[in-house]
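# Understanding the architecture of this molecule
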Amino acid sequence: MKAFRLATLSFSRHRFSTFITVLAIALSVAASGILYRVYKTSEARFDSLATGSDALIGAKAGGIEMVLNALGGEGEYPAFFPYTLFQTLQAQTVLTFPTEGRVAPAKLKSATPLLIFAIYENARVIGTDETFLQSRSQRASYALESGTWAKSAGEVTLGSEIAALKGLKVGDTISVAPWVGGEPIRVEHPLKVSGVLARTKTQWDRTLFSSITEAHSVLERYEPLFRARSIWGAKVLNFALINVEPENFESLQSLINQRSVAQIVRVQDVSKQLRDLGGVGADLGLLVTSFVLILGALAVVSTLATRFEGMSAQIAVLRAIGYRKRELVQWLLWEGLFLASSGILAGACLDGLLFPHFLKLVGQTIGAGINADIGLLESAPIWIAATCATLLAVLIPAVRITRQKVHDALRGF
Amino acid sequence: MTSSRAMNISFENVEVRVGERNESLFSLKSFEIPSGSRLLIRGPSGAGKTTFLHLIAGLLEPARGAVYVDEKDINQLSEDRLAQYRRDHVALVFQKLNLLNHLTATENVRLAKNVSAESADHVLSQVGLSAKASEFVSKLSLGEQQRVAVARVLASSAQIILADEPTSSLDDKNASDVMKLLITASEGKTLIVVSHDQRIESFFSEIRNFKELTQ
């Protein structure tokens, strides 16, 4: 009888032992898979930040808060800073201060305005201009998948995920809810889809873009609602994406931070800070995942070792009637593979079923507004580790087979 | 080793040592068991009868001397060749634990080399177990389990049949039935049984005390 057949018969006939072993593997794989995908979800939070620009200008606030809000779409409606400041920077105009005199702003490579003015299906609608497409410092420009950039009033360019999710295309009309802080206003503000942004793999895929003129006109209409927060009326911005030569950043920073109501941060520095902060948690998460997997592997090793130890007499008989050591080792390996496959399949199903519920529980702690969809296949490293652990567990009895003294084993029974 | 004729077995200055202190268990006189012999070896428990059978099956290497089967020293064979020797030329029947409990009677018979399902069912009918061919052996009585072990011997092409206390756990009727089947199975082959069961002595033409074989 071939080793494969011996393995299938042993696997299918030792029902209780097989069930326990498969269950141990399944629970270990499911728990590790869920924890690992939570870890990947928290990582994805940082991966989806739209960190292509050199610097970010916003109202005075913590750098991390600014970056998460502007580039991650997280947090409350942000504060304003005057549009005139942006225009001055953009025009490279010399600034005049009563006490300091005239100061020439640092030369900028580009400046892109951002003003949030509405919400569409939990996605932000941002007023900007065409410089947005060139707002990535070191990489190629953003491109349009279809249509044109929203330049005229009443137009909107969709992020790729929004278009795909809602099945929208150029020419369609959508209704957005004006948003100037607090709750969105329950009014339907129509916008016509002029284009769809090609996939950026960032938060921009889940954002809608209209013209800065459109944004300002909406804010004007609802100015009384935010008057307390803006002494500049509706001519404001939330953020500006800035690209500047590294050697010019310090002078720009000094100008903005010390002599205006706004603040500028270097995006790369804040992103690193975020990753470092999150990294500690991520490292812990990875440690716990590894721990769970090791515990599960040890349980499997123990179960398999006991299972195969109990077969040592039968193995001695098979060797006595002429089975080679390698045939018996092949039997154990096949059986280990069957156990691993069944356990991993069951574990993957459990992982798939339970992960969404688990994510709902922990979603708030690992990052508000998480849209990252970490699919089941992301758990593949866990499955590979579980397969290796199971096959390693089989090696222990396999080695014992090769060392078994058949004469002593048969006499012992 | 050829497979078309019975094989003679001979021992030359064999000594077996066991245990951590490598103490001598027994030393055999040089002697030969001719092919086609039907030999019963008697002796008390612990004398080394099982070890003697294991020497012939190549399951144990002597500390000194050689065991020749068909004029070849079997302990000079490689691990794989030794397994092949057991598979092709030797059939073993133990007192207990002959069979894998999670397999049926047919599947246990098919553990022997190249036995088809039809051949297995045929030999099971020869030992009177055709109705129980699909039963798990754990559900069979001890006597029925021994008959399955004999069926496996019948299904194999072994020229040397070694049986270690095959009837000690059986009642009189079952002991007699199993012995009759073993005798049938060993026609034209070498049958060596070690046992202290006096009930089976009448089945043998040659009976030796184990002590006679040792120095």
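Because the structure is predicted, anything quoted here is derived from the model rather than measured.

Bringing the overall build of chain B into the picture now. Along the backbone of chain B there are 7 helices and 10 strands. Here chain B, with 215 residues, has 55% of them falling under the buried criterion. Across chain B, every contact between residues at least 6 apart in sequence was considered, and the portion connecting residues at least 24 apart equals 74%. For chain B, the exposed surface amounts to about 9400 Å²; the carbon and sulfur share of it is 42%.

Attention now moves to the nonpolar core. Residue and element names in this part refer to chain A. Core analysis: the largest hydrophobic core is formed by 75 residues, its most contacted members being Ile174, Trp204 and Leu219. Here the element with the most residues in this core is strand β5 (residues 110-120); it accounts for 8 residues. For Leu219, the residues in contact, after removing those within four places along its chain, are Tyr77, Phe80, Leu115, Ile116, Phe117, Val180, Phe226, Ala234 and Val236.

Residues and elements named next belong to chain A. As for its placement among the helices and strands, Asp205 is situated in the loop between β10 (189-197) and β11 (208-211). Arg199 provides the closest opposite charge to the buried, unpaired Asp205, separated from it by 4.3 Å. With sequence-adjacent residues up to four places away left out, Asp205 is seen in contact with Gly159, Ser160, Glu161, Ile162, Ala198, Arg199 and Thr200.

Moving on: the pattern of salt bridges. Pairs can form between side chains of opposite charge whenever their charged atoms are close. Taken as a whole and assessed by the stated rule, the structure comprises 23 salt bridges over all chains. Close ionic contact of Arg37 of chain A with Asp351 of chain A constitutes a salt bridge, the shortest N to O distance being 2.8 Å. With Arg37 of chain A in helix α2 (residues 15-47) and Asp351 of chain A in helix α10 (residues 325-366), this residue pair connects regions lying 314 residues apart in the sequence. Of the two residues, Arg37 of chain A and Asp351 of chain A, neither departs from the other in class, the shared state being buried. Sharing partners across several salt bridges, the network here consists of Arg5 and Arg13 of chain A together with Glu107 of chain B.

Quick look at the sheet that holds strand β10 (residues 206-209) of chain B now. Residue and element names in this part refer to chain B. As summarised here, the arrangement of the 5 strands in space is β7-β8-β9-β4-β10, forming an open sheet in which the pairing is parallel. If you trace the sheet from one side to the other, it starts and ends with β7 (90-93) and β10, each paired once. Put simply, the sheet's adjacent strands are angled 15° from each other on average, direction ignored. Pairing of strand β4 (residues 38-42) with strand β9 (residues 190-194), which is carried by 4 bridges, proceeds in the parallel orientation. Its bridge partner being in β9, Arg38 is matched across the sheet by Leu191. Most of the contacts of helix α1 (residues 49-57) go to strand β8 (residues 160-164), to which it runs at about 155°, and overall it touches β4, β7, β8 and β9.

As a further point, take the interface of chain B and chain A. Listed as interface residues are 25 residues of chain B and, on the opposing side, 24 residues of chain A. The interface formed by chain B and chain A holds 7 salt bridges in total. Residue Glu107 of chain B is joined to Arg13 of chain A by a salt bridge in which the shortest nitrogen-to-oxygen separation is 2.8 Å. Taken together, the links from chain B to chain A amount to 10 residue pairs in polar contact (both at pLDDT 80 or more).

Residues and elements named next belong to chain A. Assignment of secondary structure puts Asp408 in helix α12 (residues 406-412). Classification of Asp408 by relative accessible area gives partly exposed; the value is 46%. Remark: the alpha-carbon pair of Asp408 and Ala316, spanning 92 residues in sequence, is separated by 9.2 Å.

Residues and elements named next belong to chain A. With respect to the element layout, Trp179 can be found in the loop between β9 (173-178) and β10. Assessed through its relative accessible area of 8%, Trp179 is described here as buried. Spatially, the C-alpha atoms of Trp179 and Tyr222 are 9.0 Å apart, while their sequence positions differ by 43 residues. When residues no more than four places from it in sequence are discounted, the contact partners of Trp179 are Tyr77, Ile116, Phe117, Ala118, Ile119, Arg124 and Pro184. At 2.8 Å, the side chain of Trp179 and the backbone oxygen of Gly182 are in polar contact.

Glancing now at helix α6 (residues 172-185) of chain B. One turn of the α-helix equals 3.6 residues, which is why residues spaced by three or four share an orientation. All names here are of chain B. Spanning 14 residues, α6 covers 20 Å between terminal C-alpha atoms, matching the ideal 20 Å at 1.5 Å per step. Along α6, the residues classified as buried are Asn174, Ala175, Val178, Met179, Leu181, Leu182, Ile183 and Ala185. Among the structural elements, β4, β7, α4 (117-126), α5 (142-155), β8 and β9 are those in contact with the buried residues of α6.

This next bit is on the confidence of the model for chain B. Model confidence for chain B is summarised by a mean pLDDT of 88, while 97% of its residues fall at 70 or above. Both confidence scores are given for the complex: pTM 0.69, ipTM 0.89.

In this section: the pairing of strand β6 (residues 123-128) of chain A. All names here are of chain A. Taken across its 6 residues, β6 has 6 buried, putting it largely inside the fold. Because side chains alternate across β6, one face comprises the buried residues Ala123, Val125 and Gly127, and the other comprises Arg124, Ile126 and Thr128, equally buried. Adjacent in sequence and paired antiparallel, β5 and β6 are bridged by 2 residues, among which Glu121 carries a positive phi angle near 50°. Examined bridge by bridge, β6 and β11 share 4 bridges and lie parallel to one another.

Rules and cut-offs
- Residues numbered from 1 in each chain as written.
- Chains lettered and ligands numbered in written order.
- Predicted model: local features only at pLDDT ≥ 70, side-chain atom pairs only at ≥ 80, totals over all residues.
- Heavy atoms only, no water.
- Helix = DSSP H or I, 4+ residues; strand = E, 2+ residues; numbered from the N terminus.
- Buried < 20%, exposed > 50% of the residue type's maximum accessible area, 1.4 Å probe, protein only.
- Contact = heavy atoms within 4.5 Å.
- Areas by Shrake-Rupley, 256 points an atom, 1.4 Å probe, with all protein chains shown as cover.
- Core = buried A, V, L, I, M, F, W, Y, C linked by side-chain atoms within 4.5 Å.
- Lys, Arg positive; Asp, Glu negative; His and termini not counted.
- Salt bridge = Lys/Arg side-chain N within 4 Å of Asp/Glu carboxyl O.
- Pairing = 2+ DSSP bridges.
- Axes fitted to C-alpha atoms, helices over the stretch in contact; angles between N-to-C directions.
- Polar contact = N/O pair within 3.5 Å; in protein donor to acceptor, adjacent residues only side chain to side chain.
- Expected span 1.5 Å × (residues − 1).
- pLDDT = per-residue confidence, 0-100.

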